[in-house]
Amino acid sequence: MAERISEVLQKKLSDRLSFYEDLGISLFYKDRSAAWSHVGSSRSLQQHSHEETTLPKPARKPEPMKLPPSALRAAPKGEALLKVTGPSLFDAVNKISGDTLLKIREDLGECTRCKLHKARNKIVFGDGNPKAQLVFVGEGPGHDEDMQGLPFVGRAGKLLTQMIEAMGMQRKDVYICNVVKCRPPENRTPEKDEVSTCSPFLLRQLDAISPKVIVCLGSVAAQTLLETNRGISHLRGEWLEFRGRKLLATYHPAYLLRNPSAKSEVWKDLQKVMAVLGREVKKGKSA
Ligand code: SF4
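Remember, predicted model here, so these are calculated numbers, not experimental data.

Caption draft 1: Seen up close, the overall build of the protein. When helices and strands are counted, the protein shows 12 helices and six strands. Across the 287 residues of the protein, 48% fall into the buried class. Considering only residue pairs separated by 6 or more positions, the protein has 75% of its internal contacts joining residues 24 or more positions apart. Of the roughly 14,300 Å² that the protein leaves accessible, carbon and sulfur atoms contribute 50%.

Caption draft 2: Seen up close, the packing of aromatic side chains. In this structure the tally under the stated criterion is one aromatic pair. Over the ring of Phe-125 we find Lys-181, and its NZ or CZ is 5.9 Å from the ring centre.

Caption draft 3: Structural view of the sheet that holds strand β3 (residues 175–178). Here six strands make up an open sheet; going across it, the order is β1-β3-β2-β4-β6-β5 and the pairing mixed. Whereas interior strands pair on both sides, the edge strands pair on one side only; in this sheet they are β1 (127–128) and β5 (239–242).

Caption draft 4: Expanded view of the site of the ligand. Taken together, Leu-108, Cys-111, Arg-113, Cys-114, Leu-116, His-117, Arg-120, Lys-181, Cys-182, Thr-197 and Cys-198 make up all the residues around the ligand. Looking at the shell around the ligand, its residues break down into six nonpolar, two polar and three charged.

Caption draft 5: Spotlight on the pairing of β5. Two strands pair when backbone bridges link them, and β5 and strand β6 (residues 245–250) are joined in this way by four bridges, in the antiparallel orientation. The residue of β6 that forms the bridge with Trp-239 is Leu-248. Between β5 and the antiparallel strand that follows it, β6, lie two residues; Arg-243 among them carries a positive phi value of about 50°.

Caption draft 6: Quick peek at the pattern of salt bridges. One pass over the full model with this rule turns up 15 salt bridges. We note a salt bridge from Arg-204 to Asp-99, for which the minimum N-O separation is 2.8 Å. Of this pair, Arg-204 sits in helix α8 (residues 192–209) while Asp-99 sits in the loop between α4 (69–73) and α5 (101–108); the two residues are 105 residues apart in sequence, bridging distant segments of the chain. For the pair Arg-204 and Asp-99, one class covers both residues: buried. The shortest N-O distance in the salt bridge between Glu-191 and Arg-188 comes to 3.9 Å. On the basis of relative accessible area, Glu-191 is assigned to the partly exposed category, the value being 34%. Among the ionic contacts, a cluster of salt bridges with common partners joins Lys-115, Arg-188, Glu-191, Asp-193 and Glu-194.

Caption draft 7: Up close: the packing of helix α7 (residues 155–166) against helix α12 (residues 263–276). Across the interface, α7 lies against α12 with an axial gap of 10 Å and an inter-helix angle of 45°. One way to sum up the angle between α7 and α12 is to call them oblique. In this structure, α7 meets α12 at a crossing whose hand is right-handed. Residue-level contacts link Leu-159, Met-163 and Ala-166 of α7 to Lys-263, Val-266, Trp-267, Leu-270 and Met-274 of α12. Along the lines of polarity and charge, the residues of the contact of α7 with α12 split into seven nonpolar, no polar and one charged.

Caption draft 8: Geometry of the confidence of the model for the protein. Summary statistics for the protein give a mean pLDDT of 79 and a share of 68% for residues scoring 70 or more. In this model, residues 26–87 is a region of pLDDT below 50 whose contacts with residues beyond four sequence positions or in other chains number 106 contacts.

Caption draft 9: Helix α9 (residues 219–226), seen in detail. Of all eight residues that make up α9, seven are buried, and the element is covered over most of its length. Downstream of α9 by a residue or two, Glu-227 has a phi angle that is positive, lying close to 50°.

Caption draft 10: Representation of the nonpolar core in the model. In terms of nonpolar packing, the biggest core is built from 64 residues, with Leu-134, Phe-136, Val-137 and Val-273 touching the most fellow members. Top contributing element to this core by residue count: α8, with eight residues. Those residues in contact with Leu-134 that sit more than four places away from it in its chain are Met-167, Met-169, Val-174, Tyr-175, Pro-211, Val-213, Val-215, Val-273 and Leu-277.

Caption draft 11: Region of the structure containing the packing of α5 against α8. Interaxial distance between α5 and α8 falls to 9 Å at its minimum, and their mutual angle equals 165°. Accordingly, the angle class assigned to the pair α5 and α8 is roughly antiparallel. Remark: the crossing between α5 and α8 carries right-handed chirality. For the pair α5 and α8, contact is made by Leu-101, Lys-103, Ile-104, Asp-107 and Leu-108 and by Phe-201, Arg-204, Gln-205, Ala-208 and Ile-209, respectively.

Cut-off values and rules
Residues numbered from 1 in each chain as written. Predicted model: local features only at pLDDT ≥ 70, side-chain atom pairs only at ≥ 80, totals over all residues. Heavy atoms only, no water. Helix = DSSP H or I, 4+ residues; strand = E, 2+ residues; numbered from the N terminus. Buried < 20%, exposed > 50% of the residue type's maximum accessible area, 1.4 Å probe, protein only. Contact = heavy atoms within 4.5 Å. Areas by Shrake-Rupley, 256 points an atom, 1.4 Å probe, with all protein chains shown as cover. Phe/Tyr/Trp six-rings, centres within 6.5 Å; stacked < 30°, edge-to-face > 60°. Lys NZ or Arg CZ within 6 Å of the ring centre and 35° of its normal. Pairing = 2+ DSSP bridges. Near = heavy atom within 4 Å. Nonpolar A, V, L, I, M, F, W, Y, C, P; charged D, E, K, R; others polar. Salt bridge = Lys/Arg side-chain N within 4 Å of Asp/Glu carboxyl O. Axes fitted to C-alpha atoms, helices over the stretch in contact; angles between N-to-C directions. Parallel < 35°, antiparallel > 145°, perpendicular 65-115°, else oblique. Left-handed = near helix turned anticlockwise from the far one by under 90°. pLDDT = per-residue confidence, 0-100. Core = buried A, V, L, I, M, F, W, Y, C linked by side-chain atoms within 4.5 Å.

Right, dumping it as structure tokens:
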């Protein structure tokens, strides 16, 4: 007798299918209702996914677009510069030999360096593989993250987890952190002084992990690392360089929750990342 799939797994499969459909992968199942008529039989599902899965293949080996610092820091006509003169914020932060995430966390301590410490519940330092090839950098913790002390654990975090899994990885394979480690009140955008105070710790994290690819989620992360005030729509989807590493900016998962139609753009961006990491969406892959 065929083995039944648990309700938990059914829900997980359903969420994954919805996610692929949101990405615009409409051919994932030719007839999803027909697919679900097979639920209850693992063999049927396996057969179905092998026969009818038609996920697009990621682009192959895109070349990084190396922009000179002057190009990144120069704003288009009519836009004010985030940083007009002086050395880069990160020029002053040299690589610390033998730096580790543990040491950086110890140095951060119960930080009161900026005003964001006043309302925080927990510092959200970062989470994941300390030797990850891929690091996601977000803006700052929200309510759920502040309560748990972990990055991207709310609704936007669930979506990020789905994105990572769609890339053929698990959260534990990557590293996830934010520009600021404490929740801004009412989830407002971190202010310039807060970003400049906290981001050297982000830089040390990136240097310590030394990932192959950095993905900036949203404008704050991209603008901070690239030291520009260009909008995310101008920056996303192109390979840029940050201290010798490939950097790609894309939309923040919270933005995708408000604008689901943008998921297909993000999926294109993530496919570029997958190609650089040597990963492909396997035909026939299921949750
Ligand atoms: S946001 Fe960063 S610099 Fe500000 S208090 Fe928190 S850990 Fe310290």
